[in-house]
Amino acid sequence: MELEIKNVSKSFGKTKALFNVNITFSEGIYGILGQNGAGKSTLIHLITDNLKRETGKILFDGVDIKRLGKKYRSMVGYMPQQQGYYEGLTAMEFLKYMAEAKGIKGKEGNRQIKELLEIVHLDKVAHELVGKFSGGMKQRVLLAQALLGEPKILILDEPTAGLDPKERIGIRNYIAKLSKDKIILYTTHVVSDIETIANEILILNKGEVVKQGTLQRLIKDIKGKVIEISCNMEQLQQLQKQYLIGNVIQREGNIIYRVVSEQPILEGRKVSDISLEDVFLYETLKVHEKGKIHT
Amino acid sequence: MQVENDSSTYVFEKIFSQISGINTYKDNIEQVIGQANQMSQVGIFAKKGSYNASNIEKTKKDYTKLLEVTPEIVNEMPIEAWINYSMCQWILLIWAVVFIFFFMEERKKGLWSMIHMTREGRYRLAFKRLCILISGIVIGGILLQGSTWLLAVWLYGACDLTVPIVSITSFKGITSTVSIGTFLLKVAFLRVSVIVCMAVIIWTIFCIIRTQFLAVISVAFIGGVQFLMYHSIGEQSPMEFWKYCNVASCFDINTIVTDYKNVNVFGYAIGREELTCMLIMLVFIVGSVSCIVINGMMKPIGSIMIGAKIEKYLRSIASKIASRCNNFGIELYKILFVQKGIVVVIIAFVFIWNISKPVVYNYDSFYEYKNQIYSMLQGEWTEQKEQKLQQIEEEIKTELTKWTKEEQLVGDNKGEYDAIYIMSKIRQCNLKLSVLNEIREQMDAQKGMDTIWLVNPMGYHLIFGDIGYGNSGMSTFVIISVLVILFCGTMAYEKQSNMVTLLHVQAIPNNYLMKLKKKTMIVCIIMFAVIAYSLEWYQVYKSVGMNYFQANASSIPMFQDSLYMKDWTIFQVLLCIYILRLFLLVVSGFIMLYFGILFDSVLSAVTMGIIVFIIPSICYLLGLGWIFKFSILFLCDVVNWIF
Ligand SMILES: Nc1ncnc2c1ncn2[C@@H]1O[C@H](COP(=O)(O)OP(=O)(O)OP(=O)(O)O)[C@@H](O)[C@H]1O
Ligand SMILES: [Mg+2]
């Protein structure tokens with residue numbers, strides 16, 4: 001099973017949302033990281049055929065998804081970034097409606113709905129209006145909807161936005177369990193969400209894929225480029241002017257400024273426990289630094 | 001539905017006119033055919049292949065067909081009432097629009113792309129929805145038309161449905177040989193089909209245009225243009241085809257089925273009804289296919305920017321205007337545009353425009369005669385007019401004596417006229433005399449005043465008359481309904497969108513919002529009322545004509561019994577009535593605003609408004625028992641309780 005994205009570009013008027021993207025997805029969990037406006041949702045809209053494609057191909061096992069049509073759609077579960085629901089339907093009714101739309105009929109549909117409602121901890125409020133749910137509960141209804149029909153390809157656009165830590169971890173673990181013989185695409189800008197579960201991580205920046213690989217590889221690539229500098233308040237301001245992005249950490253009364261930089265930095269201490277966040281910052285920083293040189 | 005006051009006179013009149021219609025049925029047809037034959041001899045009409053020739057040919061054929069059936073005497077009233085009652089279609093249209101709005105709900109962010117991604121979420125879903133839409137309209141149509149038919153039968157009595165439709169002599173343009181039953185079914189079917197087509201068109205427009213507000217404006221624009229084309233293009237003009245190949249024309253089923261009209265379609269004469277049927281079929285097929293295809297193909301995330309650009313442009317204009325306005329202007333903008341009040345208002349105005357069109361002449365066969373007399377004698381009363389009136393009276397009296405004599409001759413088997421014919425003539429004379437009598441009474445009521453006036457009271461009857469006669473209550477009812485929709489929920493809406501708490505936190509006086517709303521509401525009510533009543537007056541004025549507002553109020557029979565207004569002019573009375581109405585509307589507006597404070601959700605506030613204002617008003621309109629004394633509509637019907 002393989003989902004292949006070939007030379008895909010997309011622009012809205014003058015803004016280039018995606019530029020010449022090439023990725024191949026096979027079984028496993030793919031975390032797609034990127035800043036706001038990086039093009040994550042646009043990529044997903046194209047994969048779900050919710051947006052008109054301009055150039056390039058999206059192939060499932062070698063066949064264009066548009067040619068597969070219904071066959072492709074019945075394999076996909078999709079949870080959009082923006083919450084969409086019928087205010088006047090209860091959770092149960094909404095899921096039933098979606099099950100019908102997905103072509104899952106009768107008892108089988110009911111069985112799945114019941115199971116999923118338990119997984120997302122909504123079985124107790126199954127008969128209450130979705131419109132009256134809290135943001136996180138709505139989010140869980142939408143996740144359950146995506147999981148209906150046991151999809152082979154699961155596309156989740158920021159599934160954990162607005163969830164409390166407990167639900168976030170619960171859902172993350174559930175998704176991790178699902179990953180067997182499934183393609184799961186998972187976009188987020190919350191790094192910790194995918195750090196633990198993603199088999200492979202993609203970093204999108206300004207419409208381009210700037211990095212792709214397993215967590216270990218990404219971390220290895222920036223070894224020695226993460227540095228912690230302890231400083232006082234005045235020095236901190238100086239450093240912040242010098243390095244655009246950095247983390248200010250307060251540790252035992254000291255201020256520690258953690259920066260990622262291409263150029264070697266003499267002051268400070270090289271860090272060994274590099275996290276995905278550092279990788280993410282590094283990749284976006286690269287572009288920033290480039291920009292600085294040009295101007 | 002209209003009910004004539006003096007029903008016994010009315011029934012007699014009907015029967016007499018029917019009998020004379022039946023007696024002259026064959027002659028009339030032969031006359032039309034004869035005329036057609038004559039015309040086809042004339043050079044310009046005779047040219048083979050021209051539209052005129054084909055029109056004459058068709059007219060001849062249609063009328064010759066009519067000779068096959070013979071009309072019979074039948075109770076025409078339920079049929080007339082049912083055919084002329086066009087409200088059904090409006091209700092059905094609104095019903096269809098409700099469905100479409102439900103379909104559009106998924107267009108909200110997120111939901112659409114989710115459904116679009118499912119297996120059955122494209123063509124299949126669109127097809128299912130089309131089926132739901134059509135069956136909804138069909139069921140609604142059956143219920144509405146069935147119930148109005150029952151109501152008509154209940155009010156006017158049953159009628160034999162197997163008799164040919166040509167027996168209904170008051171519909172002069174029917175060239176159909178079918179029975180009444182078949183005819184009624186056909187009309188019902190046409191009405192429903194037209195609504196189905198319109199619904200399909202509206203749905204398609206809503207699908208194509210992503211921004212709902214723009215879609216509403218487009219639909220309104222197209223509807224407006226079609227309406228103007230239908231009403232402003234003259235017959236026989238070169239544009240005539242567009243007058244009839246038109247949504248507004250197709251919507252007007254009553255006229256289509258009761259008027260004989262051929263339309264020039266590329267040089268061929270085609271009956272208007274056939275043209276309408278063809279249009280309906282065409283639109284239905286093309287419309288259904290296109291809306292299914294559009295629904296299936298269109299991507300939820302828009303990349304075509306034209307609509308977005310227009311919207312952005314309009315929004316920027318709107319927000320520029322809003323930024324210049326004070327809070328009051330913004331409040332108005334919120335009610336009309338953000339809460340989409342403008343749509344409700346426009347629908348209400350179109351509705352008032354349509355129902356205010358008087359249909360009185362269908363029911364009052366002496367309308368023409370009355371009008372003739374009034375247009376001759378109207379104005380300040382003079383010696384000359386008095387003489388003229390006496391002269392007319394004399395003439396009728398002579399005629400009456402003549403016919404009374406003839407009646408005796410018939411009794412002695414010596415007369416040259418038919419007995420029924422004589423009876424109808426005598427009745428006509430008597431009725432004419434009673435019309436003159438009424439005029440005399442109008443004059444007598446003004447005894448002792450400086451000047452005496454004769455004013456045609458028909459228009460006032462239409463506007464203020466008893467419920468069931470003119471449209472008296474209806475326009476006020478529509479205004480009240482609009483107010484309920486716009487203002488009951490508005491405070492609750494602010495609460496729902498957390499504005500109240502927000503303002504509260506920012507140390508803004510508690511009643512600030514309420515004061516603002518009150519101001520806006522008063523302006524809105526004045527605007528609506530002025531426009532709505534102007535529309536009503538214009539429609540009545542156009543068909544009946546209303547003059548001499550400086551005349552004494554007591555020259556109008558319905559204003560005669562007032563104790564206080566003996567010396568007032570008509571203008572003063574009208575001013576008083578409308579100021580009172582306005583006052584009452586504003587008071588009810590205040591009550592509606594307070595509902596929004598009492599309730600937390602828009603829905604329950606509006607429900608409350610419906611229970612308090614609309615339901616009693618409907619009861620009043622239907623003339624149901626004691627409950628109407630509590631209705632705002634009864635209060636607004638000022639004439640009824642002051643005079
Ligand atoms: N329908 C649209 N019309 C116009 N521009 C759009 C549209 N959708 C996205 N864009 C633009 O495309 C770019 C990429 O947007 P996209 O939604 O893909 O970002 P994202 O990575 O999902 O961001 P976020 O993390 O905020 O969800 C943005 O600059 C955005 O303004
Ligand atoms: Mg996004």
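For clarity, every value in this text was computed on a predicted model and none was experimentally measured.

**Considerations on the interface of chain A and chain B**
It is common to give the size of an interface as the accessible area that goes away when the parts come together.
Next, step 1: Counting residues at the interface gives 31 residues for chain A and 25 residues for chain B.
Next, step 2: Approximately 2500 Å² of surface area, both sides summed, lies buried where chain A meets chain B, with 61% of it carried by carbon and sulfur atoms.
Next, step 3: For the chain A face of the interface with chain B, the top three residues by lost area are A:Asn50, A:Arg73 and A:Tyr86, together amounting to 26%.
Next, step 4: At the boundary of chain A with chain B, the tally comes to three salt bridges.
Next, step 5: With a shortest N-O distance of 3.0 Å, B:Arg122 and A:Asp49 are connected by a salt bridge.
Next, step 6: Of the residues forming the side of chain A that touches chain B, the biggest block, five residues, is contributed by helix α4 (residues 91-101) of chain A.
Next, step 7: Residue composition of the side of chain A that touches chain B, grouped by class: 13 nonpolar, ten polar and eight charged.

**A word on the site of ligand 1**
Next, step 1: Within the structure, ligand 1 sits among 15 residues, and A:Gly37, A:Lys40, A:Ser41, A:Thr42 and A:Gln81 are positioned closest to it.
Next, step 2: The environment of ligand 1 is shared, with nearby residues belonging to chains A and B.
Next, step 3: Between ligand 1 and A:Ser41 there is a distance of 2.6 Å, counted from an oxygen atom to a side-chain nitrogen or oxygen.
Next, step 4: Compared with its free state, where it exposes 640 Å², ligand 1 has 68% of that area covered by protein.
Next, step 5: Among the elements that make up the shell around ligand 1, the one with the highest residue count is helix α1 (residues 40-47) of chain A (three residues).

**With respect to empty space enclosed by the protein**
All names here are of chain B.
Next, step 1: For the coordinates displayed, the defined rule picks out four cavities of 30 Å³ or more.
Next, step 2: In this model, the largest cavity occupies a volume close to 80 Å³.
Next, step 3: In this structure, the largest cavity is lined by Glu106, Trp112, Ile115, His116, Gly121, Arg122, Leu125, Ala126, Arg129, Trp203 and Asn295.
Next, step 4: Only α7 (111-116) and α8 (123-156) provide two or more residues apiece to the lining of the largest cavity.
Next, step 5: Looking at the lining of the largest cavity, its residues break down into five nonpolar, three polar and three charged.

**Some words on the coordination of the magnesium ion (ligand 2)**
Residue and element names in this part refer to chain A.
Next, step 1: Coordination of the magnesium ion (ligand 2) by the protein is provided by Ser41 (OG) and Gln81 (OE1), with metal-donor distances spanning 1.9 to 2.1 Å. Within this pair, whereas Ser41 is found in helix α1, its partner Gln81 is found in the loop between β6 (76-79) and α4, the two being separated by 40 residues in sequence.
Next, step 2: Take Ser41: its relative accessible area is 17%, and that puts it in the buried class.
Next, step 3: By relative accessible area, which is 38% here, Gln81 ends up partly exposed.

**Let's talk about the confidence of the model for chain A**
Residues and elements named next belong to chain A.
Next, step 1: Confidence in the prediction of chain A, expressed as mean pLDDT, is 85, and 95% of residues score 70 or more.
Next, step 2: Of all the helices and strands in chain A, helix α11 (residues 276-294) carries the lowest mean pLDDT, 66, while strand β5 (residues 63-64) carries the highest, 94.
Next, step 3: Counting interchain partners and residues more than four positions distant, the pLDDT-below-50 stretch residues 290-295 has three contacts.

**A word on the nonpolar core**
Next, step 1: B:Tyr460 and B:Phe464 are the most contacted members of the largest nonpolar core, which has 133 residues in total.
Next, step 2: In terms of residues, this core owes the most to one element, helix α9 (residues 180-208) of chain B, which gives 18 residues.
Next, step 3: When near neighbours in sequence (up to four residues on either side) are disregarded, B:Tyr460 contacts B:Val455, B:Gly465, B:Trp537, B:Met546, B:Asn547, B:Phe549, B:Ile556, B:Met558, B:Phe559, B:Ile570 and B:Leu574.
Next, step 4: Judged by nonpolar contacts, the second largest core, of 60 residues, contains A:Met79, A:Ala146, A:Leu218 and B:Met114.

**Regarding the pairing of strand β1 (residues 2-12) of chain A**
Residues and elements named next belong to chain A.
Next, step 1: Bridge count for β1 against strand β2 (residues 15-26) is eight bridges, and the pairing is antiparallel. Bridged to Phe12 within β2 is Thr15.
Next, step 2: What sits between β1 and β2 in their antiparallel hairpin is a turn of two residues, with Gly13 showing a positive phi close to 55°.
Next, step 3: Relative to strand β4 (residues 55-60), β1 runs antiparallel, the two being bridged by five bridges. For Leu3, the partnering residue across the bridge sits in β4 and is Phe60.

Rules of the game
- Residues numbered from 1 in each chain as written.
- Chains lettered and ligands numbered in written order.
- Predicted model: local features only at pLDDT ≥ 70, side-chain atom pairs only at ≥ 80, totals over all residues.
- Heavy atoms only, no water.
- Contact = heavy atoms within 4.5 Å.
- Buried area = accessible area lost by both parts, 1.4 Å probe.
- Salt bridge = Lys/Arg side-chain N within 4 Å of Asp/Glu carboxyl O.
- Helix = DSSP H or I, 4+ residues; strand = E, 2+ residues; numbered from the N terminus.
- Nonpolar A, V, L, I, M, F, W, Y, C, P; charged D, E, K, R; others polar.
- Near = heavy atom within 4 Å.
- Polar contact = N/O pair within 3.5 Å; in protein donor to acceptor, adjacent residues only side chain to side chain.
- Areas by Shrake-Rupley, 256 points an atom, 1.4 Å probe, with all protein chains shown as cover.
- 1 Å grid on protein atoms, 1.4 Å probe; cavity = no way out; pocket = protein on both sides within 12 Å on 5 of 7 lines; lining within 4 Å.
- Points joined across faces, edges and corners; volume = space filled by probe spheres on them.
- Donors = N, O, S within 2.8 Å, 3.2 Å for Na, K, Ca; no water.
- Buried < 20%, exposed > 50% of the residue type's maximum accessible area, 1.4 Å probe, protein only.
- pLDDT = per-residue confidence, 0-100.
- Core = buried A, V, L, I, M, F, W, Y, C linked by side-chain atoms within 4.5 Å.
- Pairing = 2+ DSSP bridges.

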